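Observations on chain architecture
What follows is each chain in one-letter form.
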Amino acid sequence: MPVSGALEQGPGKAPVSGAEISVHDTENGHPSEDVYILAIESSCDETAASVVKNGRTVLSNIISSQIDLHTLFGGVVPEIASRKHIEKINQVIEEALTEAHMSLEEMTAIAVTYGPGLVGALLVGVAEAKALAYAAKKPLVGVHHIEGHVSANFIENPDLEPPFMCLIVSGGHTHLVIVKDYGEFEILGRTRDDAAGEAFDKVARAVGLGYPGGPKVDKAAKEGNPHAIEFPRAKVGDNPYDFSFSGLKSAVLNYINHAKMMGEEINVPDLAASFQNAVVEVLVSRTIEAAKQHGYKCVAIAGGVASNSALRAGMEKACKEAGIQFFHPSPIFCTDNAAMIGAAAYYEYKKGARAGWDLNAVPNLKLGER
Ligand code: KG4
Ligand code: ZN
């Protein structure tokens, strides 16, 4: 596919096999190798667009959240999500370009999340990105949503480079991985059942905190005692780095049902704090253990649950004690956004990754798959 501008090899730069190096012309007409990516994210309930320079500098980060809409139903309704993405996507992209003070023509490439996620929601972003790339004659880069979450760490941490250990905790994923290189992962452990975010959402619903569960549990837990209720910490037999949260979730549900049967009032802050403490303890201890065992001195966290205040505090403390450097994105870059997609896309682009016009949404895309 054609790239904009002249083709030029920068000084001291290794050639990218099978790929052209895009050149962005600056105002004074001198070529520069700055890479500007317009990134689009629509995998779940956030319509987002961002302009990212050279993978680490966010020039704009526009997020249109559908939370209010889905709150009525207690969770994300896929059909409504797709329709809302269609309604919002052009406006969000326009805002992202305006805020960055740049035009579509000035972009080096267009990037989009193509999986995993809700198929209808993903398709809106993919179709939009293809149309823009085709019309503006720009290269198209397809990005793995989870690779995006991990790459959110590069935005505010200029010193962070692979390899490092990363705990990925979102609404649909719980993975402990070694980030071996940009976009290259070795999976050490994963959840056997519920994802960490899913457990937060289910417990929140059961206790009447509503949707989205994670932030509500986080807030309620601040007023509660994390040692008030002793919930189980599941160990998964054959892999020390796998996780399981369904036992914990059932224990919380049993606790609620038992209290209701006995006519006892539930102390919601105590329950939230105790549940959260159980999740955080398992996530932190397993991540630190893996980092020690594999000899990594850098640990990062990623995904919506990475914005949890207790997880951030717990990880910070444990890393300090173990002499490990701890990295985490700001909360706005933890939950779904397009800046993280722009960051991931930059490294994919530099490696020569280009998507064709047949790029499709892949709802079950696995980490490490292309
Ligand atoms: O990464 P994300 O925005 O979307 C997915 O890719 O899934 O993660 C959403 C998940 C939800 O389950 C939400 O409840 C959880 O992240 N979450 C939190 C917090 N903020 C969002 N969980 C715990 N504490 C939070 N502060
Ligand atoms: Zn996500």
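Given the structure is predicted, the values throughout are model-derived calculations rather than measurements. Numbering of residues starts from 1 in each chain and follows the order in which that chain's sequence is written. Note on labels: chains are lettered from A, ligands numbered from 1, in written order. Per-residue local features of the predicted model are confined to residues with pLDDT of at least 70, and side-chain atom pairs are confined, for both listing and counting, to 80 or more; whole-chain, interface and lining totals are unaffected and use all residues. Hydrogens are left out, water is left out, and the side-chain values use all remaining heavy atoms of the structure.

Comments concerning the domain arrangement of the chain
Here is the rule we go by: The domain limits used here are those given by an automatic or database domain assignment. Whether two residues are in contact is decided by their heavy atoms: any pair within 4.5 Å suffices. Throughout, buried area stands for the accessible area (probe radius 1.4 Å) lost by two parts on being put together, summed over both. A 3.5 Å cut-off defines polar contacts: any pair of N or O atoms within that distance qualifies, except that in protein one atom must be a possible hydrogen donor and the other a possible acceptor, and neighbouring residues in sequence count only when both atoms are side-chain atoms. Secondary structure elements are defined from DSSP: runs of H or I of at least 4 residues count as helices, runs of E of at least 2 residues count as strands, and each element is numbered from the N terminus.
We note that the domain assignment places domain 1 (30-151 + 335-350) and domain 2 (161-329) within the chain. When each unit is reduced to the centre of its C-alpha atoms, the spacing between domain 1 and domain 2 is 27 Å. Taken together, the contacts link 16 residues of domain 1 with 17 residues of domain 2. A buried area of about 1,300 Å², summed over both sides, lies between domain 1 and domain 2, and 71% of it is on carbon and sulfur atoms. The interface formed by domain 1 and domain 2 contains three residue pairs in polar contact (both at pLDDT 80 or more). Within the residue set of the side of domain 1 that touches domain 2, elements represented by two or more residues are α1 (67-71), α4 (145-156) and α11 (339-350). The greatest single-element share of the side of domain 1 that touches domain 2, amounting to four residues, is contributed by α4.

Comments concerning the coordination of the zinc ion (ligand 2)
We count it as follows: Note on donors: an N, O or S atom is included if it sits within 2.8 Å of the metal, or within 3.2 Å for Na, K and Ca, and water is never included, so sites can look incomplete. Throughout this description, buried means an accessible area under 20% of the type-specific maximum (1.4 Å probe, protein chains only), exposed means over 50%, and partly exposed covers the range between.
Around the zinc ion (ligand 2), the protein supplies H145 (NE2), H149 (NE2) and D336 (OD) as donor atoms, at distances of 2.0 Å. The sequence pattern formed by the donor residues of the zinc ion (ligand 2) is H-x3-H-x186-D. Note that H145 is positioned in helix α4 and D336 in the loop between α10 (331-334) and α11, a separation of 191 residues in sequence. Taking the relative accessible area as the measure of exposure, H145 reaches 6% and is therefore buried.

Some thoughts on the UniProt feature "domain: Gcp-like" (unreviewed entry) in the chain
Applied cut-off: UniProt positions are given in the numbering used here, feature names are shortened, and annotations may be inferred rather than shown by experiment.
Here the UniProt-annotated "domain: Gcp-like" (unreviewed entry) positions come out as residues 57-342. Note that residues 57-342 is 50% helix and 17% strand, and that its end C-alpha atoms are spaced 10 Å apart.

Examining the pattern of salt bridges
Where charged atoms from two side chains of opposite charge approach closely, those side chains can pair. What counts here: Any carboxyl oxygen of Asp or Glu within 4 Å of a side-chain nitrogen of Lys or Arg constitutes a salt bridge here.
This model, assessed by the stated rule, comprises 14 salt bridges. Between R192 and D238 there is a salt bridge, with the nearest N and O atoms lying 2.7 Å from each other. Taken together, the positions of R192 in the loop between β10 (184-190) and α5 (196-206) and D238 in the loop between α6 (213-221) and α7 (246-261) put the pair 46 residues apart, joining distant regions of the chain. A residue is classified by how much of its surface remains accessible, and R192, at 44% relative accessible area, is partly exposed. For D238, a relative accessible area of 65% translates into the label exposed. Put simply, K202 and D194 hold a salt bridge, and the shortest N to O gap is 3.4 Å. Assessed through its relative accessible area of 29%, K202 is described here as partly exposed. By relative accessible area, D194 is classed as buried at 7%. Connected through shared salt-bridge partners, D194, E198, K202 and K249 make up one network.

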